[in-house]
Amino acid sequence: MEKIFQKLSISSATLVVIILVGIFITLFRAASPAINEFGFDFIVNADWNKEVSLSSEQTASMDDSDEIIDEDEMLFDEDDEDSLSKTVYGGLVPIVGTLLTTIIALTFALPIAMGIAVFLAEIAPKNIAHVVGIAIELLAAIPSIIFGMWGLYYFAPIIADLFGGYQVSLLTAGLVLGVMVLPFMAAITRDSMNTTPNVLKESAYALGATKFEVIKDIIFPYSKVGIIGSIILALGRALGETMAVAFLIGSIFVLPQKITDPTISIPVAMANNFGEASGLGESSLFYLALILFVISFAIISLAKFYFLKKAN
Amino acid sequence: MRLLINKLFLVLSSLSALIGLMFLAWILITLFVKGLGSFHFNLFLNDLIDGGLRNLIVGQFILAGLASFIGIPLGMIAGIYIQEYGQGKYAVFIRDLSDIMMSAPSIVIGAFVYAVIVVPTGGTCGFAGAIALAIMMIPVVINTTDNMLSLVPRELREAGIALGASKYKVIIDIVIKAAKVGIMTGILLAFARIIGETAPLLFTSETSNYFSLDLTQSFPSLTVSIYDLANEPEESSRDLAWAASFILTVLVLVINLTGRFITRNKK
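Just so you know, these numbers come straight off a predicted model, no measurement behind them. Position labels on residues start from 1 in each chain and follow its written sequence. Chain labels run from A onward and ligand labels from 1 onward, assigned in the order the entries are written. Only residues with pLDDT of at least 70 get local features here, since the model is predicted, and only at 80 or more are side-chain atom pairs given and counted; chain-wide, interface and lining totals rely on the full set of residues. Values shown for side chains rest on all heavy atoms present in the structure; no hydrogens or waters enter the calculation.

This part takes up the overall build of chain B. Helix and strand definitions here come from DSSP, where helices need a minimum of 4 consecutive H or I residues and strands a minimum of 2 consecutive E residues; each element is numbered from the N-terminal end. Helix and strand counts for chain B come out as 10 helices and zero strands. The order of α-helices and β-strands along chain B, N terminus first, is α-α-α-α-α-α-α-α-α-α. Taken along its principal axes, the extent of the C-alpha atoms in chain B is 70 × 70 × 35 Å. When each of the 267 residues of chain B is scored for burial, the buried share is 54%. Contact criterion: two residues are considered in contact whenever any of their non-hydrogen atoms come within 4.5 Å of each other. Considering only contacts in chain B between residues 6 or more positions apart, those separated by 24 or more positions represent 75%. All accessible-area figures derive from a Shrake-Rupley calculation using a 1.4 Å probe, and residue coverage is judged against the displayed protein chains alone. In the structure as shown, chain B presents an accessible area of about 11,700 Å², 67% of it carried by carbon and sulfur atoms. Across chain B, the 18 positively charged side chains and the 17 negatively charged ones have centroids separated by 16 Å. For every residue, the accessible area obtained with a 1.4 Å probe (protein chains only) is divided by the maximum for its type, and the residue is called buried under 20%, exposed over 50%, and partly exposed between those limits. Neither His nor the chain ends contribute to the count of charged residues, in which Lys and Arg are positive and Asp and Glu negative. For charged residues, the charge sits on one atom: NZ in Lys, CZ in Arg, CG in Asp, CD in Glu.

Take the interface of chain B and chain A next. Note on interface size: it is often stated as the accessible area lost on association of the parts. Contacts between the two partners involve 78 residues from chain B, matched on the other side by 80 residues from chain A. Interface of chain B and chain A: buried area, both sides summed, is about 7,000 Å²; carbon and sulfur atoms make up 79% of it. Computed with a 1.4 Å rolling probe, the buried area is the accessible surface lost when two parts are put together, summed over both parts. Considering only the surface of chain B that becomes buried against chain A, B:Ile27, B:Ile100 and B:Tyr227 emerge as the three largest contributors, covering 9% of it. Just to be clear on terms, a salt bridge is a Lys or Arg side-chain nitrogen sitting within 4 Å of an Asp or Glu carboxyl oxygen. Across the chain B-chain A interface, the total number found is two salt bridges. A:Glu137 is the salt-bridge partner of B:Arg260, the closest N and O atoms lying 2.6 Å from each other. Counted as a polar contact is a pair of N or O atoms within 3.5 Å, where, for protein atoms, one must be capable of donating a hydrogen and the other of accepting one, and residues adjacent in sequence contribute only when both atoms are in side chains. The interface formed by chain B and chain A contains 14 residue pairs in polar contact (both at pLDDT 80 or more). For the side of chain B that touches chain A, the secondary structure elements donating two or more residues are helix H1 (2–38), helix H2 (54–85), helix H3 (89–102), helix H4 (106–121), helix H5 (126–150), helix H7 (167–178), helix H9 (222–230) and helix H10 (235–266) of chain B. Counting residues per element, the side of chain B that touches chain A draws most heavily on H1(B), at 21 residues. Gly is put with the polar residues, along with every residue not named as nonpolar or charged; the nonpolar set is Ala, Val, Leu, Ile, Met, Phe, Trp, Tyr, Cys and Pro, and the charged set is Asp, Glu, Lys and Arg. The residue inventory of the side of chain B that touches chain A, partitioned by class, reads 53 nonpolar, 16 polar and nine charged.

Let's shift gears to the packing of aromatic side chains. Each aromatic pair joins two rings of Phe, Tyr and Trp (for Trp, the six-membered one) with centres within 6.5 Å, and gets the label stacked for planes under 30 degrees apart, edge-to-face for over 60, and tilted for any other angle. Following the criterion strictly, the structure yields 32 aromatic pairs over all chains and no others. Here A:Phe274 and B:Tyr114 contribute two aromatic rings whose centre-to-centre distance is 4.7 Å and whose plane-to-plane angle is 90°, an arrangement assigned as edge-to-face. Note that A:Phe274 is positioned in the loop between helix H10 (266–273) and helix H11 (279–311) and B:Tyr114 in helix H4, a pairing that runs across two chains. In this structure, A:Phe274 and B:Tyr114 share a single accessibility class: buried. Ring centres 6.4 Å apart and planes at 35° place the aromatic pair A:Phe286 and B:Tyr114 in the tilted group. Of this pair, A:Phe286 sits in helix H11 while B:Tyr114 sits in helix H4, on two different chains.

So, on to the confidence of the model for chain A. Confidence scores per residue from the predictor, reported as pLDDT, run from 0 to 100. In the predicted model, chain A carries a mean pLDDT of 86, and 88% of its residues have values of at least 70. Every residue in residues 56–82 of chain A is under pLDDT 50, and counting partners more than four places away or in other chains gives 36 contacts.

What follows deals with the packing of helix H3 (residues 92–123) of chain A against H10(A). Residues and elements named next belong to chain A. To obtain each axis, a line is fitted to C-alpha atoms, and for helices this fit is confined to the stretch in contact; angles are then taken between N-to-C directions over 0 to 180 degrees. At a closest axis distance of 7 Å, the pairing of H3 and H10 adopts a crossing angle of 125°. Put simply, H3 runs oblique to H10. Contact residues: Pro-94, Ile-95 and Thr-98 in H3; Ile-266, Pro-267 and Ala-269 in H10. For the contact of H3 with H10, the per-class residue count stands at five nonpolar, one polar and no charged. Here the word oblique covers every angle except those under 35 degrees (roughly parallel), over 145 (roughly antiparallel) and from 65 to 115 (roughly perpendicular).

Bringing the nonpolar core into the picture now. Counting residues in each nonpolar core, the largest one holds 181 residues, and the members touching the most others are A:Leu27, A:Phe147, A:Phe286, B:Leu53 and B:Ile107. Sorting elements by how many residues they give to this core places H11(A) first, with 14 residues. Residue-level mapping places this core at the junction of two domains, with at least three residues from each of domain 1 (2–92) and domain 2 (93–311) of chain A. In this structure B:Leu53 touches B:Leu43, B:Asn46, B:Asp47, B:Leu222, B:Leu240, B:Ala243, B:Ala244 and B:Ile247, once residues within four positions along its chain are discounted. In these notes, a set of buried Ala, Val, Leu, Ile, Met, Phe, Trp, Tyr and Cys residues joined through side-chain atoms within 4.5 Å is what counts as a nonpolar core. Counting residues in hydrophobic clusters, the runner-up holds 10 residues, among them A:Ala117, A:Met193, A:Ala204 and A:Ile219. Residue ranges for the domains trace back to a domain assignment, done automatically or taken from a database.

Residues and elements named next belong to chain A. With domains assigned, chain A is organised as domain 1 (2–92) and domain 2 (93–311). Taken together, the contacts link 27 residues of domain 1 with 24 residues of domain 2. Remark: the boundary between domain 1 and domain 2 carries eight residue pairs in polar contact (both at pLDDT 80 or more). Going through the elements one at a time, helix H1 (2–38), helix H2 (41–44) and strand S3 (84–89) are the ones with two or more residues in the side of domain 1 that touches domain 2.

Here is the structure:
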């Protein structure tokens, strides 16, 4: 019995490794047709589902329809005898969209999250900090699809009035994403601020420092690594967020010219096109998924191994 | 001047807290106003095909329940391994990987399950959805179990072993019992998290307009249907989406608060 239980426990633990390695291998295999076809040019190519004629190297008319061409072989176009065409997929637009929404989200969330963390850790009396802390954590518990609906119907119109442009845009998607990662960042930052030893704070106060000075010169330096860790974790979360962004980004494969333009992100490209895609189109979506997985894996490992380890 | 900066800083910081609370209030008020406006008791009696939500609510619970059924034991046992059996590097390695897995994008997990289950079996099904949710749940349960077991004093384990109990007896009868409340809370929070998930279900279980208990077919899901309904042009569909969102949020927040309440009472 003892032996069985021990074996069981080690195999359950190993399951984690199997799943993670499995995800990587599966995505890689499913993406390999697209990887073979487009290579690393995929990352810098802004055309998604575009027919390119091969004979003249001139681009054929852009395919604006939503349907995804399944043929992953080169097509022989019967209407036009000597134009040999194929469909090209490039990931630049969703990659840029993902990065920009994440940057907007973090720029918006960072100062507010720091403020909340300072408020909870240093300013508010214990009982108020407790209640506000729970409220902030409840904000984190609200399902992302709710953020999306609320964002689309109530938040985006206000933002569009203020800044002009479209209601579905990089800006509105980024800001709603910011609201979503806010509680996350605030909670981790508060926790690492709370690890500052009281002795340090008290000595500073005894020297006549104001609360601001104590926070700036004692608490921030002390919890710096933990704070950076929280930012990176929030970054990882923002990169992979699907539903809230799906409502707000506009979902078109066009590079944005302004911050108020609609575009698309990797998770949203997957959410909206997976069902209909097949062949090279589907494989290209897996390629995007692989890129997203590798980026977030790298970012989270960085946060884990470097910053949060140091913080402890 | 110093005092002025100090004042300004304190005001700004309190203001941020207010902004955070304002967003929570704004979202909740929107949900209450829009959701209660379209809320009707009949929503619980009819299926989506007849303008109700019954099949979706039941379906979402079955998906999340099945995911818990798979994910909780695996996660707990893996957590026990890390804390009780694991030695040195491998246990630390598993712990780190599980933390990374916790932050893996949920849509990527959906794509993974799509490739390993939906494609080979030829169609979306309830099982695939439940497995995607279970994969999301496992690392959360590992994390809680690991943390909670680490709080159990070493003396308790030693006392058990001194009485001649075998290691697994000590773990099951003493260590787990001591950490029960904390683990329960963690599991409730994990359940609250997966029951509100949409992205992993989009192309694994999809959703269905009809009542179904057949896990080998497309399975009704509240969250996926909210997404579909919210994107429909008709006002009535969107009202239904708001009512569904209201129900979902109340559910998630109640589970969440229950979890917190249990821990606080124990303390």
